[in-house]
Amino acid sequence: MIPTLGRSDRLALSVSLASFAVAGVANTSVEPTGRGLLAVALAVAGVYALARCARGVDRRTLATLSLGLWLAFLAVAAVHAVGLGAAAAAVPAPTAAAVLALHGATWATLLGAAVSSSFLAFREYGARSGVDDPEDRILEGGFDL
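Since the structure is predicted, the reported quantities are computational estimates derived from the model, not experimental observations.

What counts and what doesn't
Residues numbered from 1 in each chain as written. Predicted model: local features only at pLDDT ≥ 70, side-chain atom pairs only at ≥ 80, totals over all residues. Heavy atoms only, no water. Helix = DSSP H or I, 4+ residues; strand = E, 2+ residues; numbered from the N terminus. Contact = heavy atoms within 4.5 Å. Areas by Shrake-Rupley, 256 points an atom, 1.4 Å probe, with all protein chains shown as cover. Phe/Tyr/Trp six-rings, centres within 6.5 Å; stacked < 30°, edge-to-face > 60°. Buried < 20%, exposed > 50% of the residue type's maximum accessible area, 1.4 Å probe, protein only. Core = buried A, V, L, I, M, F, W, Y, C linked by side-chain atoms within 4.5 Å. Expected span 1.5 Å × (residues − 1). Arc of directions from axis to C-beta.

Lay out the overall build of the protein chain in plain terms, naming residues and giving numbers.
Helix and strand counts for the protein chain come out as six helices and zero strands. Going from the N terminus to the C terminus, the protein chain shows its helices and strands as α-α-α-α-α-α. Long-range pairs, those at least 24 residues apart, make up 71% of the contacts in the protein chain between residues at least 6 apart in sequence. For the protein chain, the exposed surface amounts to about 9,300 Å²; the carbon and sulfur share of it is 68%.

This is how it looks when you write it as structure tokens:
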């Protein structure tokens with residue numbers, strides 16, 4: 001059976017990616033302004049929502065989610081290689097709206113992939129910390145392999 005995200009996990013993932021997208025679109029300058037502070041608050045909320053999603057799924061599902069987000073980011077990055085103006089002109093929407101949507105998708109996939117990979121790394125580190133290597137047990141006299 002293919003594991004799927006539960007309904008509440010999908011909602012948390014959607015809120016997280018939406019928060020990352022809005023934070024990426026809102027933060028257009030490096031100067032500390034109200035929009036910059038809003039972007040930071042939205043990014044923190046996105047990390048929290050993704051943490052709730054990551055807590056509710058198993059390691060395999062989290063790894064699949066992380067890989068999927070990295071592949072989505074690479075696809076969006078390929079659009080950046082073509083050029084945002086050229087890609088935005090290809091869709092039947094206002095160019096400015098299409099460029100903002102591409103920026104939002106870029107930030108959502110990049111931050112989502114990085115955060116989900118971090119949570120996966122923390123989970124893997126926590127799973128390995130209590131496991132003894134078989135070689136260590138042999139040296140200590142525990143031969144029950």
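A description of the packing of aromatic side chains should follow, citing residues and the corresponding values.
Inspection of the entire model under this criterion finds one aromatic pair. Ring geometry for Trp70 versus Phe73: centroids 6.2 Å apart, planes at 80 degrees, classification edge-to-face. Here Trp70 pairs with Phe73, and both are found in helix α3 (residues 59-82), just three residues apart, close to one helical turn. Relative accessible area serves as the criterion here: at 32%, Trp70 is assigned to the partly exposed category. Given a relative accessible area of 17%, Phe73 falls into the buried group.

So what about the side chain of Thr106? Which residues, and what values?
Relative to the assigned elements, Thr106 resides in helix α5 (residues 95-128). Not counting residues up to four positions away in its chain, the partners in contact with Thr106 are Phe73, Val76 and His80.

Which residues make up the nonpolar core, and what values do they have?
The biggest cluster of nonpolar side chains holds 15 residues, and the ones touching the most others in it are Leu13, Phe20, Leu50, Cys53, Leu62 and Leu65. Residue assignment for this core shows that the elements contributing at least two residues are α1 (7-26), α2 (34-55), α3 and α5. Sequence-distant contacts of Leu65, defined by excluding residues within four places in its chain, comprise Leu13 and Leu50.

Can you tell me about α2, naming the residues and giving the values?
With 22 residues, α2 extends 32 Å from end C-alpha to end C-alpha; this agrees with the ideal 32 Å at 1.5 Å per step. Turning to α2, its buried residues number three or more, namely Gly36, Ala39, Gly46, Ala49, Leu50, Cys53 and Ala54. With its buried residues spanning 140 degrees around the axis, α2 presents them on a single face. Opposite the buried face of α2, by more than 90 degrees, sit the exposed residues Gly34, Leu37, Val40, Val44, Tyr48 and Arg55.

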